[in-house]
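Chain residues, written in single-letter form:
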Amino acid sequence: MAFTKKFTWGGATAANQYEGGYDEGGKGLNAVDVLTNGSATEPRKVTWKKPNGETGATPLVWGKDFKLPEGAVPTLLDGYYYPSHQGTDFYHHYKEDIKYMADMGFDVFRLSMNWSRILPNGDDEKPNEEGLAFYDKVFDECAKYGIQPLVTLSHYETPLSLITRFGGWKDRRLIDAFVHYSDIVMNHYKGKVRYWLTFNEINAMDMAPYMGGGLIDGSEQNRAQGAHNQFVASAKVVKLAHEIDPNNRVGQMLAYSAYYPYTCDPKDQLKVMEAKQDMLFYSDVQTGGHYPEYRLKKYERDGIKLDDTPEDYELIAKYPADFLSFSCYTSNVLTTHETEAKASGNVSAGGVKNPYLESNAWGWATDPDVLRIALNDLWDRYHKPLWVVENGLGSADILEKDGKVHDDYRINYLRSQIKSMRDAVTIDGVDLMGYTTWSAIDLVSNGTGEMKKRYGFVYVDRDDRGNGSLKRYPKDSFYWYKKVISSNGEDLD
């Protein structure tokens, strides 16, 4: 048997894309609540207002610099559509959705908590009792079916008040605010939640600093400070979690992509090496327990000065993550030979195309070997238990008149990914804790703010403008994944 009996199967969601109820139950606003919808060709935008009454919207593009106009603060404006406000309404459908997860045989459900549902301003002294009660009901429903929650404490949900007052994670005051929030929920849900993740895709601080750190000025200096503050906060939460309950385990969550050189030119190899350094810096610190020399030299060259203390580094070294979880959907090709790649027809808006792989409508390559590569890379580097907590295929699924959704393309993708995981375990001996696909139920796409880019095993009747009944329909992949789980990954046909 490839996967042990302890191996966990499930699916994942994020509150800002799924939960809804943005102004119900005493919840405050968060970073994504002021982020508009977008598309594959039109970026999502952060809406803002200046003290003089001027308003506007600034595009948020992954991998590009982000900065709001001077004096502007994120705010809700009339005339814009904000998909996080309802998501696909888990807030009112949690019993139905968890029942679907149970029917598939989930062992684990990865979800995030809305920080501002617990602390509306992010640093309130006392928690919002309605918010605590909501997640109590969710965790109790999971327990009814024997489903273990895997809870992300901050999944792009920095409370808006912390952004408008302090500028987000560039301010060290957010360390104490996050630890205070974590202290409240870890004590309140003791015995109900054992597995925690601190920051979703922590390296988003570099790729999308507004989402990753609530930064309204994503300068290199602010990104470096924001990352440092999150590292310190994470170490403090690991320490706290172990004190509250020795059974608690706190993991890192990294956005991982395999990088391939386009040619055998050493300059292409160096480009890949540098891209991996940018990505793995975050796990070198949060899981490895130290700042790598290559990053310190980069800070030295770029004139980056951290607001830090000796205690910060002691905490980071003493309280690294207990395990490393990660998202992985695709691989990317890098080159210094773009002219050559263009001449071969291998460059698109999304970058250099891999001529050996097919791509979906959003330009993401379908790589059947990427998880084996990812798992070996991370296992060899850290030798800590790993958990694949996001992996899936976004597609414009079609709901047929008979209520069926035929998504063979998703089944084919997931089959290849599970085989890749299985090879990492059986051939390479990687210590893999489990697999939670993205996503359990349809939700709003994070990157584009669309509904039509669907990932779930259950179709939700909702369109890109928030219209629809919200009725749920199991897809063909629902029944296939149920079979996979019941066979512990042996039956992939």
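See above for the structure.
What you see is a predicted model, and the numbers here were worked out from it, not measured in a lab.

What counts and what doesn't
- All residue numbers refer to position in the chain's written sequence, counted from 1.
- The predicted nature of this model means local features are confined to residues of pLDDT at least 70 and side-chain atom pairs, given and counted, to a pLDDT of 80 or more, with totals for whole chains, interfaces and linings taken over all residues.
- Processing note: side-chain calculations cover all non-hydrogen atoms of the structure and skip hydrogens and water entirely.
- An axis is simply a line fitted to the C-alpha atoms; with a helix, the fit covers only the stretch in contact. Between two such axes, the angle follows the N-to-C directions and lies from 0 to 180 degrees.
- Numbering goes from the N terminus for both helices and strands, where a helix is a DSSP run of H or I of at least four residues and a strand is a run of E of at least two.
- Orientation categories follow fixed angle ranges, with anything under 35 degrees roughly parallel, anything over 145 roughly antiparallel, 65 to 115 roughly perpendicular, and all other angles oblique.
- In this description, contact between two residues means that some pair of their heavy atoms is separated by no more than 4.5 Å.
- Classification used: nonpolar for Ala, Val, Leu, Ile, Met, Phe, Trp, Tyr, Cys and Pro, charged for Asp, Glu, Lys and Arg, polar for all others including Gly.
- Note on ring pairs: Phe, Tyr and Trp rings are taken, using the six-membered ring of Trp, and paired if centres are within 6.5 Å. Classes follow the plane angle, with under 30 degrees stacked, over 60 edge-to-face and the rest tilted.
- The rule is simple: take the accessible area with a 1.4 Å probe, protein chains only, and divide by the maximum for that residue type; under 20% is buried, over 50% is exposed, in between is partly exposed.
- Placement of a positive charge over a ring is assigned whenever Lys NZ or Arg CZ falls within 6 Å of the ring centre and within 35 degrees of the normal to the ring plane.
- Two strands qualify as a pair provided that DSSP identifies no fewer than 2 bridges between them.
- Every crossover in which the path from the first strand over the helix to the second runs clockwise, viewed with the strands pointing away from the viewer, is termed right-handed.

Trainee: Just checking my understanding: could you explain the packing of helix α2 (residues 90–104) against helix α16 (residues 476–486) for this structure?
Mentor: Axis separation between α2 and α16 bottoms out at 8 Å; the angle between their running directions is 50°. Here α2 lies oblique to α16, going by the angle between them. Of the residues in α16, those touching α2 at Y100, D103 and M104 are F478, Y481, K482 and I485. Residues that form the contact of α2 with α16 fall into these classes: 5 nonpolar, no polar and 2 charged.

Trainee: Mind showing me how you'd approach the packing of aromatic side chains here?
Mentor: By convention here, two paired aromatic rings are described through the distance between centres and the angle between planes. On inspection of all chains with the given rule, the structure shows 41 aromatic pairs. Aromatic pair W9 and Y435: ring centres 6.1 Å apart, planes at 90°, arrangement edge-to-face. Separated by 426 residues along the polypeptide, W9 in strand β1 (residues 8–12) and Y435 in strand β15 (residues 432–438) bring together distant segments of the chain. Residue W9 shares its accessibility class with Y435, and that shared class is buried. When the centroid spacing of 5.6 Å and the interplanar angle of 80° are considered together, the rings of F231 and F281 count as edge-to-face. On the criterion of sequence distance, the pair formed by F231 in helix α9 (residues 220–244) and F281 in helix α10 (residues 266–286) is long-range, its members being 50 residues apart. Comparing F231 with F281 shows no difference in burial state: the two are buried. Stacked on the ring of F281, the Lys or Arg R295 has its end atom at 4.0 Å from the ring centre.

Trainee: Teacher, can you tell me more about the pairing of β15 here?
Mentor: Regular strands show a simple pattern: their side chains alternate between the two faces of the sheet. The buried count for β15 comes to 7 of 7 residues, which makes it a mostly enclosed element. In terms of strand pairing, β1 meets β15 through 5 bridges, oriented parallel. In the strand pairing of β15, T8 is matched with G434. Handedness of the β-α-β unit built from strand β14 (residues 386–390), helix α15 (residues 408–426) and β15 comes out right-handed.

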